Each structure stands twice: as C-alpha cells, then as structure tokens.
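Overview (structure and organization)
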Amino acid sequence: MELIDGKKISDLIKDEIAKEVGKIIAANGKVPHLAAVLVGDDPASQTYVASKERSCKEVGFISSLYKYHAGISEAELLKAIDFLNNDDEIDGFIVQLPLPKHISGQKIIEAIDPKKDVDGFHPVNLGNMLLGIPGFLPATPYGIMQLIERYNIETEGKNCVILGRSNIVGTPMSVLLSRNTNPGNCTVTLCHSKTQNLSDITLQADILIAAIGKPEFVTADMVKKGAIVIDVGIHRIPDAGTKSGFRLKGDVKFDEVSKKCSFITPVPGGVGPMTIVGLLMNTLKASKNKV
Ligand code: NAP
C-alpha cells in the first residue's frame, strides 16, 4: 500500500504557485487577492478560513476576511457580495458554508460573479465543468484530480465508485472522472443514501471515493483488494487523550482498509490540504483572467 500524501503534493503545488506569484511581481503585475466571507462563529468554519489565510500568505497572495455576525440578514449579505463582485482589488472570493438557516446558501452562491467564484459552486461554473469548458472547478474535486494526476493513477477504463452525491464533492467528481480526458474515462457509479446492496457495488471499484460524511463507514469488507481509496470525509471525534480534545477521522476505516488497497489518502493529510490548493489554483487563474 502507498499513501497518497496530500500534504506533500499540496506543498509542491504551493511552491509552483509561489513561483508564479514571483513572476507576476517581477513583471509589475497585480498580486492575486483572495477574500473570504465568514458569517457567525462556527469553530470548524473559523479553522478552515484561518488555514486559507495561512496558505495565501505562504504563496504570496493577498488575503482578506469579511466577518459578519450570525444575525446578518440575507439582504445585507447580498449587499456585501455585490461589493466584493465590484471591488477590482479582489480577484476571487468564497463564502464559507454552512450559512445560518435564515439565509439561502443557493441564493448567495448565485449572487457571486462567476468570474470571482473561486470555490466553483456557481451554476455557470458547474455548467462549464459539465461541458468541459475551462472555468473554475469546485475546489475539493479539483484537488482530488491533482492527486490522481500527480500520483500517475491510471483512470481510463477503470470502475470508479463514488459514495455521496453532494454538489460540492460527489456529483462533480462523477462528472470529472467520466469525462473523455486524462484523468477521466472511468466508468462511474454514483451512490447515495437510497443505493441498495452498497457493498456489492463498492467491491467492484478499482477507484473508491468516499464522501458521505459518516465516520469510518467504509470497512475492509467493502473494498476490493488492490483498490485505490480516496477518503474525503473529515470528522472530529472526541478524544480526551489528545491536546485538542479530538482526533480527526475520515469516512474510511483507515487501519483495516489500508491493509487491503494499493493507494489510500490518509485523514488528516490527504484530501484536506488539496482543497485549499484547489482554491489557490482557482484564484491564480482568476487573477490571470483579469489581465
Ligand atoms: P453531504 O452534503 O454531507 O452529503 C452526503 C452524501 O452522502 C449524500 O449524497 C448522501 O445521500 C450520501 N449518503 C449518506 N449516507 C449514505 C449511505 N449510508 N450510503 C451511501 N450514501 C450515503 O456531503 P459532502 O458535503 O460531500 O461531505 C462529505 C464528507 O466530506 C463530510 O465528512 C465533509 O466534512 C467532508 N468534506 C471534506 C472536504 C475536504 O476538504 N477534505 C471538503 C468537503 C467535504 P443523499 O443524497 O441520498 O442524502
């Protein structure tokens, strides 16, 4: 078994981005600027946004944070989005999800200018992805595609089973891996909570991608020997024995599945760092598109 080291690949890609930024600065160009909108004080969202800010610093981007209290109205937030859409200094921005219940996440996503939608969630960018037109890919699937590419994982003709059909992970992964491209050309099965006889399907997978949001759901008896396993799940499991008070687990039971597969992404250090890299790659693209 070989670990797919998302930390290592993300560091490599960050170095590549930092070099690009160096060239932009040398040419007197404008430094890419990523903004993040954070509503409320959800600890996981705060951690995620802080880690994006750190990554921006590492590659030489400007980053800015727009924080709003959880009681902000939808109309006020739409006004903030309008401001960011029209601020020439900002190349791309994200709105950290989830939003409070009284705000429609979909409405907010649709209000983002697709040219600044570096999370790749706007219907225009999702439509472009479906048609194979260049645009912004959703950050997590973009990061996973980079892992597959940089580990030279053969995808053509392979059976790929994806667990979970969310708009941000499972469904875009099914599109990207079934496209007539390299990586791509997989025969994809997209599973969800209504799928029956799940293990019969997962046992056919040459490539198994787990994005269902259930800790350690995928066990060794669900995985074909030699399969490639990509674990998207992230869960904080309380653990008094650790300094933070929790331990991170994925959707895959790593200890037993890793003994059976050929490649596997660990949690942490697998897909997580690649999501941020996907965002940075999109931001660099957004800033270049403006030139
Ligand atoms: P999500 O919106 O939580 O949706 C879960 C999906 O799993 C749904 O499509 C659901 O089916 C399906 N599902 C639930 N139980 C199932 C079962 N027993 N069998 C088969 N399918 C089942 O998914 P998400 O937002 O993609 O998140 C998934 C996980 O990835 C979470 O742990 C999340 O924290 C993590 N995540 C990590 C990153 C990263 O950077 N590493 C990024 C994004 C998400 P239905 O559609 O039928 O309800």
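Please read all numbers here as calculations on a predicted model, not as lab measurements. Each residue is numbered by its place in its chain's sequence as written, counting from 1. Totals for whole chains, interfaces and linings use all residues, but because this is a predicted model, local features are given only for residues with pLDDT of at least 70 and pairs of side-chain atoms are given and counted only at 80 or more. In computing side-chain properties, one takes all heavy atoms of the structure into account and sets aside hydrogens as well as water.

**Here's the deal with the sheet that holds strand E7 (residues 207–210)**
Either a parallel or an antiparallel arrangement is found when strands of a sheet pair, and the pairing is made through backbone hydrogen bonds. Put simply, the rule is: One bridge is not enough; two strands pair if DSSP finds at least two bridges between them. Each helix corresponds to a stretch of at least 4 residues labelled H or I by DSSP, and each strand to a stretch of at least 2 residues labelled E; elements are numbered beginning at the N terminus. Whether two residues are in contact is decided by their heavy atoms: any pair within 4.5 Å suffices. Only C-alpha atoms enter the line fits that serve as axes; for helices the fit covers just the stretch in contact. Angles between N-to-C directions range over 0 to 180 degrees.
One open sheet holds the six strands; their spatial order is E1-E11-E8-E7-E5-E6, and the pairing between them is parallel. Strands at the two margins of the open sheet, each flanked by one partner only, are strand E1 (2–3) and strand E6 (187–191). Direction of pairing for E7 relative to strand E8 (residues 228–231): parallel, over a ladder of four bridges. Looking at the pairing, isoleucine 209 lines up with isoleucine 230 of E8. Along the sheet, helix H7 (residues 170–178) makes contact with strand E5 (159–163), E6 and E7, crossing E6 at roughly 170 degrees.

**Structural notes on the pattern of salt bridges**
Any two side chains of opposite charge can pair, so long as their charged atoms come close to each other. Filter applied, for reference: For this document, the term salt bridge refers to a Lys or Arg side-chain nitrogen within 4 Å of an Asp or Glu carboxyl oxygen. Throughout this description, buried means an accessible area under 20% of the type-specific maximum (1.4 Å probe, protein chains only), exposed means over 50%, and partly exposed covers the range between.
Counting across every chain of the model gives ten salt bridges. In this structure, lysine 249 and glutamate 216 form a salt bridge, with 3.6 Å as the shortest nitrogen-oxygen distance. Taken as a pair, lysine 249 in strand E10 (residues 246–249) and glutamate 216 in the loop between E7 and E8 lie far apart in primary sequence, 33 residues in all. In this structure lysine 249 comes out as partly exposed when scored by relative accessible area, which is 25%.

**What to know about the sheet that holds strand E3 (residues 62–68)**
Here we have three strands laid out as an open sheet, ordered E3-E2-E4, and parallel in their pairing. The sheet is open, and its two edges are formed by E3 and strand E4 (92–95), each paired on a single side. Shown here is a sheet whose adjacent strand axes are inclined to one another by a mean of 15 degrees, direction ignored. Here seven bridges tie strand E2 (residues 33–39) to E3, and the two strands are oriented parallel to one another. Residue leucine 34 lies in a different strand from E3, and its bridge partner there is serine 63. Contacts from helix H2 (residues 43–59) reach E2, E3 and E4, with the element oriented near 170 degrees to E2.

**Looking at empty space enclosed by the protein**
Formally: Whether a set of points on the 1 Å grid over the protein atoms alone is a cavity depends on a 1.4 Å probe fitting there but being unable to get out, while an open set qualifies as a pocket with protein on both sides within 12 Å along at least five of seven lines; lining residues are those with an atom within 4 Å of a point. Grid points are joined across faces, edges and corners, and a volume is the space filled by probe spheres set on the points.
The tally for this structure, following the rule as stated, stands at two cavities of 30 Å³ or more. A volume near 50 Å³ is recorded for the largest cavity. Taken together, Phe93, Ile94, Val95, Leu97, Ile109, Ile112, Asp117, Asp119 and Phe121 form the lining of the largest cavity. Per element, the largest residue contribution to the lining of the largest cavity is three residues, and it comes from E4. Space inside the second largest cavity adds up to approximately 40 Å³.

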